[in-house]
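Next come the chains, spelled out residue by residue.
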Amino acid sequence: GQSLEQPSEVTAVEGAIVQINCTYQTSGFYGLSWYQQHDGGAPTFLSYNALDGLEETGRFSSFLSRSDSYGYLLLQELQMKDSASYFCAVGANQAGTALIFGKGTTLSVSS
Amino acid sequence: DTEVTQTPKHLVMGMTNKKSLKCEQHMGHRAMYWYKQKAKKPPELMFVYSYEKLSINESVPSRFSPECPNSSLLNLHLHALQPEDSALYLCASSQPRAINTEAFFGQGTRLTVV
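Keep in mind that what you see is a predicted model, and the values were worked out from it rather than measured. (Residues numbered from 1 in each chain as written. Chains lettered and ligands numbered in written order. Predicted model: local features only at pLDDT ≥ 70, side-chain atom pairs only at ≥ 80, totals over all residues. Heavy atoms only, no water.)

## Examining the overall build of chain B
Here comes step 1: Within chain B, the secondary structure is distributed over 0 helices and 11 strands.
Here comes step 2: Relative to the 2.2 N^0.38 estimate, which gives 13 Å for 114 residues, the radius of gyration of chain B is 13 Å and therefore close to what a compact globule would have.
Here comes step 3: Its C-alpha atoms give chain B principal-axis dimensions of about 40 × 25 × 20 Å.
Here comes step 4: Counting the 114 residues in chain B, one finds 48% classified as buried.
Here comes step 5: For chain B, long-range pairs separated by at least 24 residues make up 55% of all intrachain contacts whose partners lie at least 6 apart in sequence. (Helix = DSSP H or I, 4+ residues; strand = E, 2+ residues; numbered from the N terminus. Rg over C-alpha atoms; globule rule 2.2 N^0.38 Å. Buried < 20%, exposed > 50% of the residue type's maximum accessible area, 1.4 Å probe, protein only. Contact = heavy atoms within 4.5 Å.)

What follows is the structure, given as structure tokens:
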């Protein structure tokens, strides 16, 4: 089976940098994804790592270390609109597309 | 068009009712998924269809019955549900072997079982 651990809550101010960590245990590893979900909204894709290292997409970056079963999402230049839940997820199938989600981290950004 | 459309948006049903949730996408994706999400919890994978064939059933009770009539449509048939089945049901789609494995989610159907 799979299990993922991430902090339940993070708070920060506008303009700051926040890192959300995720550790995982899986029987087979098919990549680590990150999704954002605003209250009442659908999860939206942020980033995906299949190999070790850093992936950068605008203000968001994601890192993976397969040897440590660890990844993180880095959010820079925080804006109020970044207040949302952030989920790390591992692939449940070899394509990595069927997702098992972590419990989620609620990010609150204040001015 | 990068949308996954789910209908209805809200559904209230009794425990003896039969109802269906519908999901449609026109992105040419050949993998579609049903997830269940309770309040303040993560989405939980229920079913995976790949090339219109059921490939994963995460031990979901038989009162939930998925159907994939074609590559654009996914249904979830509901029968004899329990109040604890009340949740947001999310449909998603992706390429079966996408390079970045991005899944596109619909806005969900908020189901209340009374």
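Okay, back to it.
## Examining the pattern of salt bridges
All names here are of chain A.
Here comes step 1: All chains considered together, the criterion is met by 4 salt bridges over all chains.
Here comes step 2: The partner of D52 in a salt bridge is R66, and the shortest N-O contact between them spans 3.1 Å. Of the two residues, D52 is situated in the loop between β5 (44–49) and β6 (53–57) and R66 in the loop between β7 (60–65) and β8 (70–75); the sequence distance between them amounts to 14 residues. (Salt bridge = Lys/Arg side-chain N within 4 Å of Asp/Glu carboxyl O.)

## Remarks on the layout of surface pockets
Here comes step 1: By volume, the largest pocket is sized at about 810 Å³.
Here comes step 2: Contributing to the lining of the largest pocket are 38 residues, with A:F87, B:Q37, B:K40, B:K41 and B:P42 lying nearest its centre.
Here comes step 3: Contributing elements (two or more residues each) for the lining of the largest pocket: β1 (3–5), β9 (84–91), β10 (99–101) and β11 (105–110) of chain A together with β5 (44–50), β9 (87–94) and β11 (109–113) of chain B.
Here comes step 4: The leading source of residues in the lining of the largest pocket is β11(A), at 4 residues.
Here comes step 5: Here the lining of the largest pocket is composed, by residue class, of 13 nonpolar, 17 polar and 8 charged.
Here comes step 6: Of the pockets and cavities examined, the second largest pocket occupies roughly 280 Å³.
Here comes step 7: In this structure, the second largest pocket is lined by 17 residues; those nearest its centre are B:E3, B:V4, B:F105, B:G106 and B:Q107.
Here comes step 8: The set of elements that each furnish at least two residues to the lining of the second largest pocket consists of β5 of chain A together with β1 (4–7) and β10 (104–105) of chain B.
Here comes step 9: With 3 residues, β1(B) is the single largest residue contributor to the lining of the second largest pocket. (1 Å grid on protein atoms, 1.4 Å probe; cavity = no way out; pocket = protein on both sides within 12 Å on 5 of 7 lines; lining within 4 Å. Points joined across faces, edges and corners; volume = space filled by probe spheres on them. Nonpolar A, V, L, I, M, F, W, Y, C, P; charged D, E, K, R; others polar.)

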